Protein chains: 2
Amino acid sequence: MHSSDILIIGGGPAAMVAAGTARQYYPEKSVTVLKKTEDSLVPCGIPYIFGPLLDSPEDDMIPCGDMAKKMGTELLHEEAIAIDTASKIVTGKSGEIYRYDKLIIATGSVPKVPENIANHDAEGVFFVPKDPDYIRKMHEKVKGMKTVAIVGTGFIGIEIANELRDAGKEVALIGSRLLKHSFDPEVSEYMEKLIDAKGIVHYQGRRTSAIVTDASGRAVGLRFDNGEEIACDGVILATGYRPNTELARRSGLSMRQGDTIYVDEYMRTTAPDVFAVGDCAEKRHFITKRTIPVMLASTATAEARIAVANLYAIRLVKSFSGTIAIFSTVVGDTCFGSAGITEEDAKKQRIDVATAVVKVPDKHPAKLPGSHEQAVKLIASRATGQLIGAQVVGGIDIGEMINMLGVIIENRMTVYDLLGLQVATHPLLTSAPTTYPIIVAAQNLAARTLSAKE
Amino acid sequence: MHSSDILIIGGGPAAMVAAGTARQYYPEKSVTVLKKTEDSLVPCGIPYIFGPLLDSPEDDMIPCGDMAKKMGTELLHEEAIAIDTASKIVTGKSGEIYRYDKLIIATGSVPKVPENIANHDAEGVFFVPKDPDYIRKMHEKVKGMKTVAIVGTGFIGIEIANELRDAGKEVALIGSRLLKHSFDPEVSEYMEKLIDAKGIVHYQGRRTSAIVTDASGRAVGLRFDNGEEIACDGVILATGYRPNTELARRSGLSMRQGDTIYVDEYMRTTAPDVFAVGDCAEKRHFITKRTIPVMLASTATAEARIAVANLYAIRLVKSFSGTIAIFSTVVGDTCFGSAGITEEDAKKQRIDVATAVVKVPDKHPAKLPGSHEQAVKLIASRATGQLIGAQVVGGIDIGEMINMLGVIIENRMTVYDLLGLQVATHPLLTSAPTTYPIIVAAQNLAARTLSAKE
């Protein structure tokens, strides 16, 4: 029988951050991580191993073993197959029994299998799991293809399409409006133009009904539900992920909508001394408090840090107020960021909003070399002015600008607060102080009340 | 006699933002701007007209006339020479009398004349005023020089040195530790290496006692107070600015330390219906509440927006809690940002602080092309964990990362709040979710209390 103070099941970012944080806060406790696969990928880096930016999948590997050793945690290659929350033991596939004082479940997510697509298990059809061996083999095979069809217009589908195209392949992208959960239609349309200019063919609004196979059962095309067919050498199904929670369900933990593990504000499950963090744990939206299927390594690691801080006692009261669903991505040399709720989604949820869009050059004067247009959309509660969503498009600094907007949303700042916001502006780094788009957009929203007569 | 509802004295960013905001909030009111010079420069763009990035000073001009026309404000080429706050009239140099209902003073700042440097008014010696005609002539003359000595190691001095060097000139930089008011010694030292690698000669710690002149009175060198002399073809005195407040003082407005105009939280002076914004108005520090000589276009425009919103009634209660002194700049391809108080300054002011520094690659995996090291230093109140200062060094996204840290400081967030901070991370745009440096630095600070035993 193996025994440790803190046992962590999983091997992704949340598990590794939980292990590191546990060692930092509780140096006298023993920490063990049960990890199913030998090594790990940087999950959000997977699309980039298919393009010219990385040389091979090995460039995207996380040296988990080295990290664990450095942190002073034990890392075991083991699959957990049962949790007895009453006796506080975990059974491994190897037959070993692991006794724990505190357990953190960080089993992540796995690709959703689209049962409605016939032949989805044909040869030449790939998912995008966070499994190094699968991705290594997939990478080898996709490298040899000339034409690839990608089903799914979420982040992973679009990013892989972008990379495969940059690697010189013919790429077909099948799905609905681009990134429709994170961006409003006008932003998707702008992204659509960039995708089109790259020569990626987007079959928008088509639904894939079947993988077309040859006599040997190999994928050679796609069939849409209107009967139309397209040819390809291989198919990538980027059709989303589902929480990897069979183990938790089987072990009697209370589950929530979308097969997620119920957790409270401190990431505690219903079983004593059992915590869950990351994609496998329930996510509630910061604005609506509804359960939503947002899966983000950054949210997962935040949850890991919160869980570990509160492992032996609640030390950070009211730790986590829900996910703000904060994303960024790149198409060509244009960067996109989104945080909070979209205008479309707000209206669906009957949230009364006002919006403003401001477009400015991202350097000043605009004649400086490398100046890029920067567009900011703010979505605020109409009555109170509280900022509840933001979308930004522009150059590489969009990556941190959306994080700035995330901090604004998390602090429940209003457009009135933003009027006096102090920002550093610099000719080579930002728009002008007079036109800084977050402030100008806030002012345009504040003007609705501030320009009204008494 | 000329008459307008809202009269603005000045022509810089604060004046133009005040005019535009006034038109937006009070479309029925007439707005007049009295501007001394015909056209305007982007103030922070001035260093870049000396380098290869802009073709000429004209690239840095603000089309104030067009802007005013577009906003529906009257822009008059006029110098205000007296304010009668009792009769509510301003006298212009032209002899015209301007009646106002509300007056906004935005007279900005002018270069400080270093009286302790002999011959500072010699031919070939230049200041860096925000005066288009002066800068045009200066630009012509500096273009022809081979060796330029720059006195002053603040932002303007360093940025002009950088640009003149990029334009192929021999550059000597004279002054103390680089940007010592905004960065701690270790950051200055790093910047020093970049300055040195560019071939700029920094005479650190030397004090300039005189401009050396030839028989015709032209500057041909500098003399330091240790007697040492260096030769040059011209001198730029980047020795700081002073508030341009003679008019306000003569008009009987209450003044504060450093010759600034006293203003309250709503930018109101002691005279009824008279507001002051920008470099001419008193600045109090967000953390210490002491008067400090920070001059920033972004703070000036924030003050302009606050003043105009509160012009006829206080509509934004507790509008402005002091300047957080937020700056960014670039040396070579490395970007620097600072917000709040430095560790050195905090200690001088007897603030009990704890600090943490984290360095990570700014893309993930780090093997992605264009990856740059990113360093974040956080300065927090030791007892409460409230973040009171931050310094960052890295790639171009530092410009918005320091703004994100500014929002964190303005919201009085603690390192404990930052543990659950949600950020968007993306391989091409940011560091990894597991290593995002603001969060990791916060965790290292939080660990001081969270890892302590009960």
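Scroll up a little and you will see the structure.
Residues numbered from 1 in each chain as written. Chains lettered and ligands numbered in written order. Predicted model: local features only at pLDDT ≥ 70, side-chain atom pairs only at ≥ 80, totals over all residues. Heavy atoms only, no water.

**What to know about the overall build of chain A**
No. 1: Along chain A, the regular secondary structure elements total 11 helices and 26 strands.
No. 2: Its C-alpha radius of gyration of 23 Å places chain A within 12% of the 22 Å reference for a compact globule of 454 residues.
No. 3: Overall, the C-alpha framework of chain A stretches about 75 × 60 × 40 Å when taken along its three principal axes.
No. 4: Taking all contacts inside chain A whose residues are at least 6 apart in sequence as the whole, residues at least 24 apart take part in 62%.
No. 5: Accessible surface computed for chain A: about 16900 Å², of which carbon and sulfur atoms make up 50%.
No. 6: Across chain A, 50 positive and 55 negative side-chain charges occur, with their mean positions spaced 4 Å apart. (Helix = DSSP H or I, 4+ residues; strand = E, 2+ residues; numbered from the N terminus. Rg over C-alpha atoms; globule rule 2.2 N^0.38 Å. Contact = heavy atoms within 4.5 Å. Areas by Shrake-Rupley, 256 points an atom, 1.4 Å probe, with all protein chains shown as cover. Lys, Arg positive; Asp, Glu negative; His and termini not counted. Charge placed at Lys NZ, Arg CZ, Asp CG, Glu CD.)

**Quick word on the pairing of strand E15 (residues 219-224) of chain B**
Residues and elements named next belong to chain B.
No. 1: Bridging between strand E14 (residues 208-213) and E15 involves five bridges; their strand directions are antiparallel. In the strand pairing of E15, Ala210 is matched with Arg223.
No. 2: Counted between consecutive antiparallel strands, the loop separating E14 from E15 contains five residues, among which Gly217 sits at a positive phi close to 90°.
No. 3: Here three bridges tie E15 to strand E16 (residues 229-231), and the two strands are oriented antiparallel to one another. Across the sheet, residue Leu222 finds its bridge partner in E16, namely Ile230. (Pairing = 2+ DSSP bridges.)

**Concerning the relation of the copies chain B and chain A**
No. 1: When chain B is fitted onto chain A, the two copies agree to an RMSD of 0.0 Å after a turn of 180° and an axial shift of 0.0 Å. Classification of the inter-copy transformation places it as that of a two-fold axis. (Least-squares fit on C-alpha atoms with pLDDT ≥ 70 in both.)

**Details of the pairing of strand E13 (residues 201-204) of chain A**
Residue and element names in this part refer to chain A.
No. 1: In this structure, strand E12 (residues 170-175) lies alongside E13, joined through four bridges in parallel fashion. Across the sheet, the residue bridging to Ile174 is Tyr203, located in E13.
No. 2: Since E12 and E13 lie parallel, the crossover through helix H5 (residues 185-197) that links them has a hand, and here it is right-handed. (Right-handed = clockwise from strand over helix to strand, strands pointing away.)

**Details of the packing of aromatic side chains**
No. 1: Taken as a whole and assessed by the stated rule, the structure comprises 12 aromatic pairs over all chains.
No. 2: Each ring, one from Tyr25(B) and one from Tyr26(B), has its centre 6.2 Å from the other, and the planes form 85°; the classification is edge-to-face.
No. 3: Seen from the ring of Tyr241(A), Lys130(A) lies directly overhead, with NZ or CZ sitting 5.0 Å from the centre.
No. 4: We note Lys289(B) situated over the ring of Phe286(B); from NZ or CZ to the ring centre the distance is 5.2 Å. (Phe/Tyr/Trp six-rings, centres within 6.5 Å; stacked < 30°, edge-to-face > 60°. Lys NZ or Arg CZ within 6 Å of the ring centre and 35° of its normal.)

**Details of the pattern of salt bridges**
All names here are of chain A.
No. 1: For the structure shown, the criterion picks out 54 salt bridges over all chains.
No. 2: The shortest N-O distance in the salt bridge between Lys88 and Asp101 comes to 3.5 Å. Taken as a pair, Lys88 in the loop between strand E6 (80-84) and strand E7 (89-92) and Asp101 in strand E8 (residues 97-105) lie far apart in primary sequence, 13 residues in all.
No. 3: On the basis of relative accessibility, which here comes to 29%, the residue Asp101 falls in the partly exposed class.
No. 4: Arg218 is the salt-bridge partner of Glu123, the closest N and O atoms lying 3.5 Å from each other. (Salt bridge = Lys/Arg side-chain N within 4 Å of Asp/Glu carboxyl O. Buried < 20%, exposed > 50% of the residue type's maximum accessible area, 1.4 Å probe, protein only.)

**Considering the interface of chain B and chain A**
No. 1: Taken together, the 83 residues of chain B in the interface contact 83 residues of chain A.
No. 2: Carbon and sulfur atoms make up 63% of the area that chain B and chain A hide from each other, which totals about 7200 Å².
No. 3: Among the residues chain B hides against chain A, the three largest losses belong to Arg305(B), Glu400(B) and Gln422(B). Together they make up 12% of the total.
No. 4: The tally of links between chain B and chain A comes to two salt bridges.
No. 5: With a closest N to O distance of 3.6 Å, Lys367(B) and Asp59(A) form a salt bridge.
No. 6: There are 32 residue pairs in polar contact (both at pLDDT 80 or more) connecting chain B and chain A. (Buried area = accessible area lost by both parts, 1.4 Å probe. Polar contact = N/O pair within 3.5 Å; in protein donor to acceptor, adjacent residues only side chain to side chain.)

**Some thoughts on helix H4 (residues 155-166) of chain A**
All names here are of chain A.
No. 1: Look at H4: 17 Å from first C-alpha to last across 12 residues, which is about the 16 Å you get at 1.5 Å a residue.
No. 2: Burial of H4 is extensive: nine of the 12 residues sit out of reach of the surface.
No. 3: Buried residues belonging to H4 abut helix H3 (132-143), strand E11 (147-151), E12, H5, strand E17 (234-237) and strand E22 (327-331).
No. 4: Count one or two residues on from H4 and you reach Gly168, which has phi positive near 95°. (Expected span 1.5 Å × (residues − 1).)

**Considerations on the environment of Asp273(B)**
Residues and elements named next belong to chain B.
No. 1: The residue Asp273 is located in the loop between strand E20 (260-261) and strand E21 (274-276) in this model.
No. 2: Owing to a relative accessible area of 24%, Asp273 belongs among the partly exposed residues under this scheme.
No. 3: Setting aside residues no more than four positions away along its own chain, Asp273 makes contact with Lys88, Tyr100, Asp101, Lys102 and Leu103.
No. 4: Side-chain polar atoms of Asp273 contact the side chain of Lys88, separated by 2.7 Å.
No. 5: Separated by 2.6 Å, the side chains of Asp273 and Lys102 make a polar contact.

**Section: the packing of helix H1 (residues 13-25) of chain B against helix H2 (residues 64-71) of chain B**
Residue and element names in this part refer to chain B.
No. 1: Two numbers describe how H1 lies on H2: the axes approach to 10 Å, and their chain directions differ by 15°. Classified by the interaxial angle, the pair formed by H1 and H2 is roughly parallel. Relative to H2, H1 is oriented so that their crossing is left-handed. In contact with Met16, Ala19, Gly20 and Arg23 of H1, H2 contributes Cys64, Met67, Ala68 and Met71.
No. 2: Of the residues assigned to the contact of H1 with H2, the class counts are six nonpolar, one polar and one charged. (Axes fitted to C-alpha atoms, helices over the stretch in contact; angles between N-to-C directions. Parallel < 35°, antiparallel > 145°, perpendicular 65-115°, else oblique. Left-handed = near helix turned anticlockwise from the far one by under 90°. Nonpolar A, V, L, I, M, F, W, Y, C, P; charged D, E, K, R; others polar.)

**What to know about the sheet that holds strand E24 (residues 353-361) of chain A**
Strands in a sheet are paired, the pairing made by backbone hydrogen bonds, and the direction either parallel or antiparallel.
Residues and elements named next belong to chain A.
No. 1: Across the sheet, five strands lie side by side as E22-E23-E26-E25-E24; this open sheet has antiparallel pairing. Each edge of the open sheet carries a strand with a single partner, namely E22 and E24. Across the sheet, the mean angle from the axis of one strand to that of its neighbour is 10°, orientation sign disregarded.
No. 2: Relative to strand E26 (residues 387-394), strand E23 (residues 334-340) runs antiparallel, the two sharing six bridges.

**A few points about the sheet that holds E16(B)**
All names here are of chain B.
No. 1: The three strands are arranged E14-E15-E16 in an open sheet whose pairing can be described as antiparallel. Two strands lie at the open edges of the sheet, namely E14 and E16, each paired on one side alone. Taken pair by pair, the neighbouring strands of this sheet meet at an average axis angle of 25°, ignoring direction.

**Some thoughts on unusual backbone geometry**
No. 1: Of note, the amide linkage connecting His364(A) to Pro365(A) takes the cis form, showing an omega dihedral of -5°.
No. 2: As for its placement among the helices and strands, Pro365(A) is situated in the loop between E24 and strand E25 (373-381).
No. 3: Positive phi values are uncommon outside glycine, yet Arg350(B) reaches one of about 60°.
No. 4: Assignment of secondary structure puts Arg350(B) in the loop between helix H8 (343-348) and strand E24 (353-361).
No. 5: Note on Arg350(B): relative accessible area 78%, which makes it exposed.

**Side note on the packing of helix H1 (residues 13-25) of chain A against helix H7 (residues 297-309) of chain A**
Residue and element names in this part refer to chain A.
No. 1: At a minimum axis distance of 8 Å, the contact between H1 and H7 shows a crossing angle of 30°. Put simply, H1 runs roughly parallel to H7. The handedness of the crossing between H1 and H7 is right-handed. Across the interface between the two elements, Pro13, Ala14, Val17, Ala18, Thr21, Ala22 and Tyr25 of H1 pack against Ala297, Ala300, Thr301, Ala304, Arg305, Val308 and Ala309 of H7.
No. 2: Residues belonging to the contact of H1 with H7 are distributed by class as follows: 11 nonpolar, two polar and one charged.

**Structural notes on the environment of Pro437(B)**
Residues and elements named next belong to chain B.
No. 1: Tracing the sequence through the fold places Pro437 in helix H11 (residues 437-450).
No. 2: Linking Pro437 and Lys377, residues 60 residues apart in sequence, is a C-alpha distance of 8.8 Å.
No. 3: Beyond its immediate chain neighbours, meaning those up to four positions away, Pro437 contacts Val358, Val360, Gln374, Val376, Met401 and Ser431.

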